[in-house]
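Take a look at the letters that make up each chain.
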Amino acid sequence: MSQPRNGTPGDLEEIHWPSLVAAISSISAVGIAIGLGLPLLSIILEKRGISSTLIGLNTAMAGIAAMAAAPVTTKLAHIYGVAPTMLWAVVISALSALGFYYAQDFWMWFPLRFAFHGATTTLFILSEFWINAASPPSKRGFVLGIYATVLSLGFAAGPLLFSLLGSDGIFPFLVGAGAILLAAIPIFIARYESPALEEKPELHFMRYVFLVPTATAAVFIFGAVEAGGLSLFPIFAVRAHFTESQAALLLTMMGVGNVIFQIPLGLLSDRISDKRPLLAGMALMGFVGSMMLPLLVDNWLLMAGLLLFWGGCVSGLYTVGLSHLGSRLTGSDLAAANAAFVFCYAVGTVAGPQAIGAAIDVAGNSGFAWAIAAFFGFYALLSGIRLMFIRKRT
């Protein structure tokens, strides 16, 4: 049964695998390239003698590019079509990925970062819109769980490739660019299956941030906690007297939780019509888990067990938030809301490391946990108030 051309799921009850395989496999190939590229580029800049501050500034271009690309992605897809826009984004991201090898002057890496992450942001937005539009409402959470699981595995495969390829020569850049170009194959094959955007979104881009605040706030918290937590947790762990290898294994436990909880949480979200209580519950669990971190610094096993479940709660905010978005909107409105969703994620990735890093400087090592707890607590409070307000209205 074919996906309707207007991009709405309609009465579709069976999973439309050609569309979903195209969208999921394409963005997973990009995930591998990003997972390979982030450590590769940082190590090369370190070898060139670039300061950590400037490396961090260059890396921050990813969030800025995402915030810039999000508002225009839907407009481009409306004019040129979803699949053609994705194919152009694949070409731009692959060329910019290869361009890093030839760009010897450091200043050139800033426009290259902007082009690379702007193009990959376009791919993320349109892939998630495609997945949401092609998923039957009764199985949307399950499908998004598969998407998040495969994407997480793609991100995990990138650093593994880096450990095998190293940072010397052009070969790792060719592998990264080749992985991105592979994404074009399933998109091209399923290009006629992609949802069409025949009408313009009804609202201005920023209005979609507030139209579904439970979803957009969830992904903001996810971006803040993921970016800040992953980048600063090694500092927290080492200062808590864990060895570097123990800290790395603890991060691995977070990653395992990220992978194994996606599909179960997606299936759970399919069984409830209103996803907001589930999102609030995960935020509350994240808050409690964060507050427990300083209490478990003397026991590696308990810390590992906590981070396994905590990682699932963090990643679940993205998966269930995206499912909630798809349950509320369709067509061009869904595409625009997906762009707002990714925009809020990008804002979170910029704000999180800054806030958590400042908390560590001000409050000591425990500031890491308290800052993350504050993010979760803010979302739990926001979603709880909205739930009470909605129930009073009904």
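This is a predicted model, so every value here is computed, not measured.

Novice: How should the overall build of the protein chain be read in this particular structure?
Specialist: A tally of regular secondary structure across the protein chain gives 16 helices and 0 strands. A compact globule built from 394 residues would reach a C-alpha radius of gyration of about 21 Å, and the protein chain, at 20 Å, matches this within 12%. Seen through its C-alpha atoms, the protein chain measures out along the principal axes to roughly 60 × 55 × 30 Å. Counting across all 394 residues of the protein chain, residues that qualify as buried make up 54%. Here the analysis covers contacts within the protein chain between residues at least 6 apart in sequence; of these, 84% occur between residues at least 24 apart.

Novice: Teacher, can you tell me more about a nonpolar patch on the surface here?
Specialist: On the surface, Leu 284, Phe 287, Val 288, Met 291, Met 292, Leu 295 and Trp 370 cluster together to form a nonpolar patch covering roughly 670 Å² of accessible area. The element that contributes the greatest number of residues to the nonpolar patch is helix α13 (residues 276–292), accounting for 5 residues. If you trace the backbone, Leu 295 turns up in the loop between α13 and α14 (300–328). Given a relative accessible area of 69%, Leu 295 falls into the exposed group.

Novice: Where do I start with the domain arrangement of the protein chain in this structure?
Specialist: Accessible area lost on assembly of the parts is the figure often given for the size of an interface. Examined at the domain level, the protein chain breaks down into domain 1 (15–199) and domain 2 (206–393). Between the C-alpha centres of domain 1 and domain 2 the distance comes to 22 Å. Around 2200 Å² of area is buried between domain 1 and domain 2 when both sides are counted, 69% of it from carbon and sulfur atoms. Here domain 1 and domain 2 share 0 salt bridges between them. Where domain 1 meets domain 2, there are 8 residue pairs in polar contact (both at pLDDT 80 or more). Secondary-structure elements contributing two or more residues to the side of domain 1 that touches domain 2 are α3 (61–80), α5 (109–134) and α6 (140–165). By residue number, the principal contributor to the side of domain 1 that touches domain 2 is α6, which donates 11 residues. Across the side of domain 1 that touches domain 2, the residue classes tally to 14 nonpolar, 9 polar and 5 charged.

Novice: So what exactly am I meant to see when it comes to the confidence of the model for the protein chain here?
Specialist: Caution applies to low-pLDDT parts of the model: their predicted coordinates are not meant to be read in detail. Overall, the predicted model of the protein chain reaches an average pLDDT of 84, with 93% of residues at or above 70. Confidence scores differ between elements of the protein chain, with helix α2 (residues 52–59) showing the lowest mean pLDDT of 74 and helix α4 (residues 82–102) the highest of 94.

Novice: Would you mind showing me how to read α13 here?
Specialist: Think of an α-helix as 3.6 residues a turn; residues three or four steps apart then line up on the same face. An ideal rise of 1.5 Å per residue puts 24 Å on 17 residues; α13 measures up with 24 Å between its terminal C-alpha atoms. Every buried residue of α13 is listed here: Arg 276, Leu 278, Leu 279, Ala 280, Met 282, Ala 283, Gly 286, Gly 289 and Ser 290.

Novice: Could you clarify how one ought to interpret helix α7 (residues 171–182) in this entry?
Specialist: Its 12 residues place the ends of α7 16 Å apart at the C-alpha level, agreeing with the 16 Å of an ideal helix rising 1.5 Å per residue. Within the span of α7, buried status applies to Pro 172, Phe 173, Gly 176, Ala 177, Ala 179 and Ile 180. Buried residues of α7, viewed axially, fall in a sector of 155°; they line one side. Among the exposed residues of α7, those pointing more than 90 degrees away from its buried face are Phe 171 and Leu 182.

Novice: I keep staring at the nonpolar core and nothing clicks. Help me out?
Specialist: Within soluble globular proteins, side chains that are nonpolar tend to cluster in buried spots. Ranked by internal contacts, the top residues of the largest apolar core, which has 119 residues, are Trp 130, Tyr 147, Met 303, Leu 317, Phe 368 and Phe 376. When residues of this core are sorted by domain, at least three fall in each of domain 1 (15–199) and domain 2 (206–393). For Tyr 147, the contacting residues outside a window of four places in its chain are Ile 24, Ile 27, Phe 124, Glu 128, Ile 131 and Leu 322.

How each quantity is defined
- Residues numbered from 1 in each chain as written.
- Predicted model: local features only at pLDDT ≥ 70, side-chain atom pairs only at ≥ 80, totals over all residues.
- Heavy atoms only, no water.
- Helix = DSSP H or I, 4+ residues; strand = E, 2+ residues; numbered from the N terminus.
- Rg over C-alpha atoms; globule rule 2.2 N^0.38 Å.
- Buried < 20%, exposed > 50% of the residue type's maximum accessible area, 1.4 Å probe, protein only.
- Contact = heavy atoms within 4.5 Å.
- Patch = residues over 30% accessible without salt bridge, like charges linked within 9 Å, V, L, I, M, F, W, Y side chains within 5 Å.
- Areas by Shrake-Rupley, 256 points an atom, 1.4 Å probe, with all protein chains shown as cover.
- Salt bridge = Lys/Arg side-chain N within 4 Å of Asp/Glu carboxyl O.
- Domains from an automatic or database assignment.
- Buried area = accessible area lost by both parts, 1.4 Å probe.
- Polar contact = N/O pair within 3.5 Å; in protein donor to acceptor, adjacent residues only side chain to side chain.
- Nonpolar A, V, L, I, M, F, W, Y, C, P; charged D, E, K, R; others polar.
- pLDDT = per-residue confidence, 0-100.
- Expected span 1.5 Å × (residues − 1).
- Arc of directions from axis to C-beta.
- Core = buried A, V, L, I, M, F, W, Y, C linked by side-chain atoms within 4.5 Å.

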